[in-house]
Amino acid sequence: MNALVPLPVLLPLFATGLSLAAGIRLKRSQRFISVAVLTAVVVISVVLMIAADEGPLAVHLGDFAPPLGITLVADRLSGLMLTVSSLVTLCVLVYSLGQGMADKDDETPLAVFHPAYLILVAGIACTFLAGDLMNLFVGFEIMLVSSFVLLTLGGTGPRMRAGSTYVIISLLSSMIFLVAIAITYAATGTVNFAQLAERLDGLPLGVTTLIQAMLLTVFGIKAAVFPVAAWVPDSYPTAPAPVTAVFAGLLTKVGVYCMLRAETLLFPGNRLGDLLLVVALASMIIGILGAVAQTDLKRLLSFTLISHIGYMVFGIGLADRAGIGGAIVYVVHHITVQTTLFLVAGLIERRGGTTELTRLGGMARSAPLLSLLFFVPAMNIAGIPPFSGFIGKLALMRAGVDNGSALAWVLVAGSTLTSLLTLYVVAKVWNLAFWRSEPPGQAAEGTVMESEEEDTDDDEEDEGGLVVTPQDGRGVPVRPGGGQVVATSITGKAVTTTKRPPRTMIAATAATVALGLSYTVLAGPLAAYTDRSAQELLTRTPYLEEVLRP
């Protein structure tokens, strides 16, 4: 069984080479390779999650024992994260295939999408399985390289600016991470997690606190917690819908996972617990207030992302079994629901030609299926019973009440306020985009929506304010407040709005909605599994014995 541990990393990397070899000339082969490999990763991840429930699985690559060798470890937490992430990335891949085929994006940028996406999946798996700081750093860098390619697909101005911001922030965090690794190795002589768990306690308190603070800063940037989350609302909304979905839903949780791992395995005792609780509260309140002020759906969802990361940090800051278990439940819930909402935002953009809520309306009548696909995850993220969002929030609030400290009670109140404001935010989206009557000037079916980078010199305008597009030769209303990036394809080209989005995109979105609902149906087994995972994290003994045994 231990031989399966490296496969979630190795299979996508191997498939990347095959995908590059297939290239643009063998589009169907490229799609088949990507779907087949990610399906295999899902199966392997489920097997590892079940096997890890009996105890951690460790592999020393090359049979070199720590600290010389690369160690990969699958325990309950990493097995669960691998399973959820592989299911979500498979659904997003299917969604992107539907979007690419519908837009007939057969040019080189789309051919690069598959290899970059597979490398991203390998980087995510590497971070979840990493058994040492250096390999964790390598996983981060793999994600960074592929992320920049995916963010800048098509080379439009907004995407290049957003990608540049993302890379600058990521390189800054990488520099801090490298310095932290150097200090750790100089102080302990190892970067292996299991060995660090035994040696960090013997260091002077100041050195240990410095290492802990630096690592939490790096992981906080990755997780997009306040005050190091200002880059998120400017970076994510410009990317293609499937890219934004996997970034917002999954990549930020990589940072949360690393915070969980560091605070339980490397730095037990919760020395910085109060600081984490303050950061959690600030992320909740400031993030949701930012969402309240938005009228663009993608930016609104980006701010709710920052806000709800605070719930996870809340559980980590409590650092007890109930808090850690509640945080894991909420991580699993939020990966799926946040991804779903961004996929739905892509469908709304394709249906209405924009994500600006003031220019949308009437979709409850004109697109009832799309309305349902939005309504379910919206109620889920707002914490309405009996959805998994309610289960996760209730677990965290109960953990805060059981903790009993004044700061924990403040976090319980902040969590309640954030949940109510989240309900207000999704209700605003529902009222503006779905419930109210369709506003005048909303893009009609067949309208070609242009990005701000596209050349419109060939368009002809008549006195009535109609633009005749060379693609279809029909007059369509000019969008008020033009110049925004709307309804663009994966490669950044303008696309034609439609009342019926491609079935593949609908099916992929419906699959993520169903996955989110499954957490409610399986709430009992999920809660039991996360509770055992929290106990294993806090105990540390099974992990240490598996990694350090001869």
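Residues numbered from 1 in each chain as written. Predicted model: local features only at pLDDT ≥ 70, side-chain atom pairs only at ≥ 80, totals over all residues. Heavy atoms only, no water.

Caption draft 1: Structural detail: the packing of aromatic side chains. Counted according to the given criterion, the structure contains 13 aromatic pairs. Between Phe177 and Phe219, the aromatic rings sit 5.8 Å apart at their centres with planes inclined by 80°, giving edge-to-face as the arrangement. Of this pair, Phe177 sits in helix H6 (residues 157–188) while Phe219 is found in helix H8 (residues 205–223), placing the two residues 42 residues apart along the sequence. By the burial criterion, Phe177 is buried, and Phe219 matches it. By way of ring pairs, the aromatic residues Phe374, Phe375, Trp430, Phe434 and Trp435 are connected into one cluster. Over the ring of Phe140 we find Lys222; its NZ or CZ atom is 5.0 Å from the centre of that ring. (Phe/Tyr/Trp six-rings, centres within 6.5 Å; stacked < 30°, edge-to-face > 60°. Helix = DSSP H or I, 4+ residues; strand = E, 2+ residues; numbered from the N terminus. Buried < 20%, exposed > 50% of the residue type's maximum accessible area, 1.4 Å probe, protein only. Lys NZ or Arg CZ within 6 Å of the ring centre and 35° of its normal.)

Caption draft 2: Summary view of the confidence of the model for the protein chain. Taken residue by residue, the protein chain gives an average pLDDT of 84. The fraction at 70 or more is 86%. Contacts of residues 446–487 to residues separated by more than four positions or lying in other chains number 86 contacts, the stretch itself having pLDDT below 50. (pLDDT = per-residue confidence, 0-100. Contact = heavy atoms within 4.5 Å.)

Caption draft 3: A look at the pairing of strand S2 (residues 70–74). A large share of S2 lies buried, amounting to 4 of its 5 residues. As defined by bridge partners, strand S1 (residues 57–61) adjoins S2 across 5 bridges and the pair is classed as antiparallel. The partner of Ala58 across the bridge, within S2, is Val73. (Pairing = 2+ DSSP bridges.)

Caption draft 4: Quick peek at a nonpolar patch on the surface. A cluster of nonpolar side chains, namely Met1, Val43 and Val47, defines an oily patch on the protein surface of about 260 Å² accessible area. Here Met1 shows up in the segment before helix H1 (7–22). Here Met1 falls in the exposed class, since its relative accessible area comes to 53%. (Patch = residues over 30% accessible without salt bridge, like charges linked within 9 Å, V, L, I, M, F, W, Y side chains within 5 Å. Areas by Shrake-Rupley, 256 points an atom, 1.4 Å probe, with all protein chains shown as cover. Salt bridge = Lys/Arg side-chain N within 4 Å of Asp/Glu carboxyl O.)

Caption draft 5: Inspection of the packing of helix H12 (residues 297–318) against helix H13 (residues 321–352) at higher detail. Between H12 and H13, the least distance of the axes is 8 Å, while the angle of their chain directions is 175°. Taken together, H12 and H13 sit at an angle that is classed as roughly antiparallel. Two secondary-structure elements touch here, H12 through Leu297, Lys298, Leu301, Ser302, Thr304, Leu305, His308, Tyr311, Met312, Gly315, Ile316 and Leu318 and H13 through Gly323, Ile324, Ala327, Tyr330, Val331, His334, Gln338, Leu341, Phe342, Ala345, Ile348 and Glu349. Here the residues of the contact of H12 with H13 sort into 15 nonpolar, 7 polar and 2 charged. (Axes fitted to C-alpha atoms, helices over the stretch in contact; angles between N-to-C directions. Parallel < 35°, antiparallel > 145°, perpendicular 65-115°, else oblique. Nonpolar A, V, L, I, M, F, W, Y, C, P; charged D, E, K, R; others polar.)

Caption draft 6: Inspection of unusual backbone geometry at higher detail. Here the amide bond leading from Phe226 into Pro227 is cis, since omega sits at 10°, within 30 degrees of zero. Along the chain, Pro227 turns up in the loop between H8 and helix H9 (232–235). Look at the link from Pro385 to Pro386: it is a cis peptide, with omega at 5°. Tracing the backbone shows Pro386 in the loop between helix H15 (368–382) and helix H16 (388–403). For Ala319, which is not glycine, the phi dihedral falls at a positive 60°. Following the sequence through the fold, Ala319 ends up in the loop between H12 and H13. The class of Ala319 is partly exposed, set by a relative accessible area of 28%. Of note, the phi angle at Arg540 is positive, near 70°, even though the residue is not glycine. Mapped onto the fold, Arg540 is located in the loop between helix H19 (523–539) and helix H20 (541–548).

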